[in-house]
Structures are given as structure tokens and as C-alpha cells.
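Notes for the structure review
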Amino acid sequence: MDQLLEGSVTPTLATAVGASGAAVTLTIASPGAGLRQYLTYLSINRFAAAVLTAAATPVTITTTNLPGSLAFTFPADALTLGQMDRWREDFAYALAGSAQGTALTIVCPATTGVIWRVTAGYYVAP
């Protein structure tokens, strides 16, 4: 129980911001042998740097070193210039990296007219 309470604190933040139309990868470096990252929250923002038209195919954000190859889906909605689509998850229990000593990534694909911003809160433990 004490470890769970300690895990509710987010001592480390990482963020990645891209340019319009560019893919963005947030990489949380390997914490070293015998350790893994524990995500406490994840925030993904899709900013319309141009007028976006709706599409039939959703936008999928992929990950590495998270259980089950975790992915997140954004709708391909129309957005006006300057509008932002936000997604944030505060994990009730920290989400542990699948493998110890391995980097963890969140990958937003190159999307025309979109600026991605990804922020993660995490801590490192065995």
C-alpha cells in the first residue's frame, strides 16, 4: 500500500511538441537496468494549424513499451483554424512500462495541418 501512495506523486514530466504536419514522438528514456517507467498521466493535444476537414479514418496514436501495444484514437473531425482537441488521462493506478530498462514512446503520426503536443507524468521504480 505504501508504494501505491508514493506512486501517486509525479516527480518527472516529459513533453514533445511538433511543427505543423509533422509526426511527434515523446520518448521517455530507459531508466536503467532493473527499473521501469510508471505513467501517472498522459495528455495529447491536436492543434489545428490550418482548417481541418472531416475524414472517415480516425487518427491513431501508437506506443511502445506499454502493455498490449496501447494505442489512442482521435476522431478525424473538422476543426477550424486555431481550435484544439484535447485528451488527458489521469491513471487511477500508474501504468507500468512493459519491460524494465527499456525506453517508452508515444507516437503521433504526421497529420496535415496538425501540431501535436504530448505530455506525460511518470516516475521510475523497479
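Shown above is the structure to which this text applies.
Structure report, in brief. Residue positions are given per chain, counting from 1 as you read along its sequence in written order. With the structure being a predicted model, the display of local features is reserved for residues of pLDDT at least 70 and the display and counting of side-chain atom pairs for 80 or more, all residues being used for whole-chain, interface and lining totals. Only hydrogens and water are set aside when side-chain values are computed; all heavy atoms of the structure are taken into account.

The pairing test for Phe, Tyr and Trp rings, Trp by its six-membered ring, is centres within 6.5 Å, and the orientation test on the planes gives stacked under 30 degrees, edge-to-face over 60, and tilted for anything in between. Per the counting criterion, the structure on display carries three aromatic pairs. Relative to Tyr123, the ring of Tyr38 has its centre 5.1 Å away and its plane inclined at 10°; by these criteria the two rings are stacked. With a gap of 85 residues between them, Tyr38 in strand β3 (residues 36-48) and Tyr123 in strand β8 (residues 114-125) connect regions that are remote in the sequence. Only protein chains enter the accessibility calculation, which uses a 1.4 Å probe. A residue is then buried if its area is under 20% of the maximum for its type, exposed if over 50%, and partly exposed in between. On the accessibility criterion, Tyr38 (14% relative accessible area) is buried. On the numbers, 4.6 Å between centres and 50° between planes, the contact of Phe72 with Trp87 is tilted. Here the residue Phe72 occupies a position in strand β5 (residues 72-74), and Trp87 occupies one in strand β6 (residues 84-96), the gap between them amounting to 15 residues. Only DSSP runs of H or I covering at least 4 residues are called helices, and only runs of E covering at least 2 are called strands; the numbering of each starts at the N terminus.

The subject of this paragraph is the side chain of Asn45. By secondary structure assignment, the location of Asn45 is in strand β3. Non-local contacts of Asn45, meaning those with residues more than four positions away in its chain, are made with Met84, Asp85, Arg86, Trp87, Ile115, Trp116 and Arg117. Whether two residues are in contact is decided by their heavy atoms, any of which lying within 4.5 Å being enough.

With respect to the helices, strands and loops of the structure, Ser43 is situated in strand β3. Residue Ser43 is classed as buried on the basis of its relative accessible area of 13%. What Ser43 contacts, discounting residues up to four positions off in sequence, is Trp87, Arg88, Arg117, Val118 and Thr119.

Our next topic: the sheet that holds strand β1 (residues 12-17). For two strands to count as paired, DSSP must find a minimum of two bridges between them. Pairing is antiparallel in the open sheet, where four strands are placed in the order β1-β8-β3-β6. The open sheet terminates on both sides in strands that have one partner only, identified here as β1 and β6. Averaged over all pairs of adjacent strands, the angle between their axes in this sheet comes to 15°, without regard to strand direction. Bridge analysis of β1 against β8 gives six bridges, and the strand direction is antiparallel. Within β8, the residue paired with Leu13 across the bridge is Gly121. Whenever a helix is involved, its axis is fitted only over the stretch in contact; in every case the axis is a line through C-alpha atoms, and angles between N-to-C directions fall within 0 to 180 degrees.

This part is about the pairing of strand β7 (residues 104-108). β7 sits mainly inside the fold: four of its five residues count as buried. Bridging between strand β4 (residues 59-64) and β7 involves three bridges; their strand directions are antiparallel. Its bridge partner being in β7, Thr63 is matched across the sheet by Ile106.

Here we have four strands laid out as an open sheet, ordered β2-β7-β4-β5, and antiparallel in their pairing. The outermost strands of the open sheet, each flanked by one partner alone, are β2 (24-28) and β5. Averaged over all pairs of adjacent strands, the angle between their axes in this sheet comes to 15°, without regard to strand direction.

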